[in-house]
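Residues per chain, in single letters:
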Amino acid sequence: MGRMTIQYDLHSHSLASDGTLSPAELVRAAAAAGVDVLALTDHDCVDGLAEARAIAIETGLRLVPGVEISVTWQAQTLHVLGLGVDAESPVLRQGLDQLMAFRDWRAEEIGMRLARAGIGGALTGARQLAQGRIVSRTHFARFLVEQGHARNVREVFKRYLVNNKPGYVSGQWAALEDVLGWIRAAGGVAVLAHPARYGMSASKLRRCIGAFRECGGQGMEVVSGSHTADQVSSMANLCRNEALLASCGSDYHGPENPWIRLGQLPPLPAGCTPVWESEQWRAH
Ligand code: AMP
Ligand code: MN
Ligand code: MN
Ligand code: MN
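Keep in mind that what you see is a predicted model, and the values were worked out from it rather than measured.

(A) The state of the cysteines, seen in detail. Counting across every chain of the model gives 0 disulfides. You can see C272 has no disulfide; the closest cysteine sulfur is in C239, sitting 4.7 Å from it.

In structure tokens:
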């Protein structure tokens, strides 16, 4: 018997950024979990998409080529998803190259700061764990856990990698309007990722969404693996009030996080227009 509804999971990571499954393994795992439509959205990188596409064709899963881009807006880091992007777009590629250069600089800085705090070899260790071109804080965190500096990744973040801790490096990611321009140039739909996770006040979040929409942003994640049930309902209200499209995604990074599973997401609350029912989406 067929299922009544199509299962969407529009936010996931592979080894091309800070996930732990290869793009092929990720797509196979999603298909096995009953996901019909999967977006691969690696951080600042589209390198995993070709491999994911090939396996998606094999398994009958529909792959949405995506990316999760790091933005600095009013001293705050935001993540913006580009869904349905053309990975070959020169504008997008050039933008992501800039972010890559910032990441490489930042990784060296993090390594130096951790060395000053008495932890040597972190840059080399993080680079070894990063199998793609992206070196993220997650790779540093995994290395520090391996070296016994903390019991788990969460603890490393808390003790070393966030603001005011020894391995934290502040800096500028891309500007919101630039990133929305790259996504537009690549033919994608821009969705603000996990808006409840930024710790912004309700009024700042409304301003943020206002700026996002003015720059051409179209949707926001209402249902996210990193939102609580309460946050899902408050984000649904915000989404309806701001007349944005609603998206849902697990933000899956691999089986090491057993509390986040591919495709295991609650339905979008009533009154939210799913991003996949929009004109922009149908155009793909
Ligand atoms: P980066 O883009 O290199 O600054 O790394 C950000 C990534 O680190 C996010 O995408 C998450 O996967 C991970 N991350 C951020 N904060 C935490 C946290 N508190 N615990 C575990 N992982 C985190
Ligand atoms: Mn991540
Ligand atoms: Mn994110
Ligand atoms: Mn993510």
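(B) A look at the nonpolar core. The biggest cluster of nonpolar side chains holds 76 residues, and the ones touching the most others in it are L10, L38, I69, V80, M220 and V222. Examining the composition of this core, we find that 6 residues originate from one element, strand β3 (residues 62-73), more than from any other. Among all residues touching I69, those that are not within four sequence positions of it are D44, L78, H79, V80, L92, L96, L99, V179, W182 and I183.

(C) Examining the coordination of the manganese ion (ligand 4) more closely. Surrounding the manganese ion (ligand 4) are the protein donor atoms H11 (NE2), H13 (NE2), E68 (OE) and D251 (OD), which sit 2.1 to 2.2 Å from the metal. Summarised as a motif, the one-chain spacing of the donors to the manganese ion (ligand 4) is H-x1-H-x54-E-x182-D. For D251, a relative accessible area of 5% gives the class buried.

(D) Quick look at the coordination of the manganese ion (ligand 2). Summarising the metal site, the manganese ion (ligand 2) is bound by the protein donors D18 (OD), H43 (NE2) and H253 (NE2), whose distances to it range over 2.1 to 2.2 Å. Separating the manganese ion (ligand 2) from the manganese ion (ligand 3) is a distance of 5.7 Å. Placement of D18 in the loop between β1 (8-9) and α1 (23-32) and of H253 in the loop between β7 (245-249) and α10 (279-282) is noted, with a sequence separation of 235 residues between them. Across this residue pair, the class does not change: D18 and H253 are buried.

(E) Representation of the packing of aromatic side chains in the model. Enumeration according to the criterion identifies 3 aromatic pairs in this entry. For the ring pair F102 and W173, a centre distance of 4.7 Å and an interplane angle of 80 degrees mean the geometry is edge-to-face. Taken as a pair, F102 in helix α3 (residues 90-116) and W173 in the loop between α6 (153-161) and α7 (176-185) lie far apart in primary sequence, 71 residues in all. What makes W173 buried here is its relative accessible area of 11%.

(F) A look at the site of ligand 1. Taken together, D18, H43, R103, R106, S136, R137, T138, V153, R154, F157 and H253 make up all the residues around ligand 1. In this structure, R137 approaches ligand 1 through a side-chain N or O atom, which is 2.8 Å from an oxygen atom. Burial of ligand 1 by the protein chains amounts to 76% of its free accessible area of 500 Å². Among the elements that take part in the shell around ligand 1, α6 stands out by supplying 3 residues, more than any other.

(G) Broad picture of the packing of α3 against helix α5 (residues 137-146). Viewed as axis vectors pointing N to C, α3 and α5 meet at an angle of 30 degrees, and their least axial separation amounts to 11 Å. Viewed along their axes, α3 and α5 adopt a mutual orientation that is roughly parallel. The interaxial crossing formed by α3 with α5 has right-handed handedness. On α5, the residues touching R106, A107, I110, G111 and L114 of α3 are R137, F140 and L144. When its residues are assigned to classes, the contact of α3 with α5 shows 5 nonpolar, 1 polar and 2 charged.

(H) Main features of the environment of L180. Residue position: L180 is located in helix α7. As a C-alpha pair, L180 and A24 span 156 residues in sequence and 28 Å in three-dimensional space. The residues contacting L180, other than those within four sequence positions of it, are V80, A190, F212, C215, G216 and G217.

(I) Quick look at unusual backbone geometry. For Q74, which is not glycine, the phi torsion reads 50 degrees and is therefore positive. With respect to the element layout, Q74 can be found in the loop between β3 and β4 (76-83). With a relative accessible area of 47%, Q74 lands in the partly exposed category. Unusually for a residue other than glycine, N164 sits at a positive phi of about 75 degrees. With respect to the secondary-structure elements, N164 resides in the loop between α6 and α7.

(J) Examining the pairing of β3 more closely. Within β3, 11 of the 12 residues are buried, which leaves it mostly tucked inside the rest of the structure. Here 4 bridges tie strand β2 (residues 37-40) to β3, and the two strands are oriented parallel to one another. Residue pairing for β3: L38 is matched across the bridge by L63. In this sheet, β4 lies alongside β3 in antiparallel orientation, the contact comprising 8 bridges. Residue E68 lies in a different strand from β4, and its bridge partner there is L81. What sits between the antiparallel neighbours β3 and β4 is a turn of 2 residues, in which Q74 has the positive phi angle 50 degrees.

Criteria and thresholds
Residues numbered from 1 in each chain as written. Chains lettered and ligands numbered in written order. Predicted model: local features only at pLDDT ≥ 70, side-chain atom pairs only at ≥ 80, totals over all residues. Heavy atoms only, no water. Disulfide = S-S within 2.5 Å. Core = buried A, V, L, I, M, F, W, Y, C linked by side-chain atoms within 4.5 Å. Buried < 20%, exposed > 50% of the residue type's maximum accessible area, 1.4 Å probe, protein only. Helix = DSSP H or I, 4+ residues; strand = E, 2+ residues; numbered from the N terminus. Contact = heavy atoms within 4.5 Å. Donors = N, O, S within 2.8 Å, 3.2 Å for Na, K, Ca; no water. Phe/Tyr/Trp six-rings, centres within 6.5 Å; stacked < 30°, edge-to-face > 60°. Near = heavy atom within 4 Å. Polar contact = N/O pair within 3.5 Å; in protein donor to acceptor, adjacent residues only side chain to side chain. Areas by Shrake-Rupley, 256 points an atom, 1.4 Å probe, with all protein chains shown as cover. Axes fitted to C-alpha atoms, helices over the stretch in contact; angles between N-to-C directions. Parallel < 35°, antiparallel > 145°, perpendicular 65-115°, else oblique. Left-handed = near helix turned anticlockwise from the far one by under 90°. Nonpolar A, V, L, I, M, F, W, Y, C, P; charged D, E, K, R; others polar. Pairing = 2+ DSSP bridges.

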